[in-house]
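# Architecture and fold: a report
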Amino acid sequence: MTPEEMAEIHARAMLLPRPWSAAEIAALCDGPGIVACETAHGFALGRVVLDEAELLTIAVAPAAQGRGEGRACLALFQGRVAAEGAAAVYLEVAETNVPAKALYARAGYREVGRRRGYYARAGGPPVDALVLRRDLAG
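Residues numbered from 1 in each chain as written. Predicted model: local features only at pLDDT ≥ 70, side-chain atom pairs only at ≥ 80, totals over all residues. Heavy atoms only, no water.

Turning next to the sheet that holds strand β5 (residues 110-121). An order of β1-β2-β3-β4-β6-β5 is seen for the six strands of this open sheet, with the pairing classed as mixed. Lying at the two open borders of the sheet, with one neighbouring strand each, are β1 (34-38) and β5. Across the sheet, the mean angle separating the axes of adjacent strands is 25° when strand polarity is ignored. Bridge count for strand β2 (residues 42-49) against strand β3 (residues 52-60) is eight bridges, and the pairing is antiparallel. Note that in β3 the partner of Val48 across the bridge is Ala53. (Pairing = 2+ DSSP bridges. Helix = DSSP H or I, 4+ residues; strand = E, 2+ residues; numbered from the N terminus. Axes fitted to C-alpha atoms, helices over the stretch in contact; angles between N-to-C directions.)

See the structure below:
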């Protein structure tokens with residue numbers, strides 16, 4: 001999947017935080033430790049540093065949401081980062097993102113922190129980010 005294709009999915013899937021541009025995705029993909037996993041209608045993008053992974057974003061085209069694409073992207077990502085030596089995955093999710101929180105809970109993530117007011121919203125109050133963690137079987 002090209003950065004342009006990723007940016008198109010990201011723009012349609014993201015309400016909070018703001019969608020990333022193709023240039024931002026391309027620059028990120030050129031960085032060290034980056035892991036990108038894709039399915040037919042979605043992708044997960046993150047990085048591995050030493051024995052920890054960070055899921056930076058996961059996006060599924062709206063027409064494909066609710067059909068297991070997010071779960072598949074997450075599983076691919078977890079498998080890849082585990083193969084690269086990660087023992088745990090961290091991520092941030094908007095407190096208001098009920099579907100994503102459900103996805104992560106089903107996958108075994110638990111809340112380990114909170115970033116108050118992390119996500120700014122135009123015309124509304126800021127939203128907290130929940131910091132989640134999942135240990136990977138090793």
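Moving on, we come to the packing of aromatic side chains. Counted according to the given criterion, the structure contains two aromatic pairs. Pairing Tyr104 with Tyr109 gives two aromatic rings, centres 5.6 Å apart and planes at 65°, and the pair type is edge-to-face. We classify Tyr104 as buried; its relative accessible area is 5%. Relative accessible area serves as the criterion here: at 7%, Tyr109 is assigned to the buried category. Above the plane of the ring of Tyr118 lies Arg115, whose end atom (NZ or CZ) is 5.9 Å from the centre. (Phe/Tyr/Trp six-rings, centres within 6.5 Å; stacked < 30°, edge-to-face > 60°. Buried < 20%, exposed > 50% of the residue type's maximum accessible area, 1.4 Å probe, protein only. Lys NZ or Arg CZ within 6 Å of the ring centre and 35° of its normal.)

This part covers the nonpolar core. For soluble globular proteins, the rule of thumb is that nonpolar side chains tend to be buried together. By size, the foremost hydrophobic cluster in this structure holds 22 residues, and its most contacted members are Leu55, Phe77, Val81, Val89 and Tyr104. Listing elements by their share of this core, those giving two or more residues are β1, β2, β3, α3 (69-83), β4 (88-94), α4 (98-106) and β6 (124-135). Examining the composition of this core, we find that four residues originate from one element, α3, more than from any other. Apart from residues no more than four positions distant in its own chain, Val89 is found in contact with Ala53, Leu55, Phe77, Val81, Tyr109, Leu132, Arg133, Arg134 and Leu136. Judged by nonpolar contacts, the second largest core, of eleven residues, contains Ala7, Ile9, Met14 and Ile34. (Core = buried A, V, L, I, M, F, W, Y, C linked by side-chain atoms within 4.5 Å. Contact = heavy atoms within 4.5 Å.)

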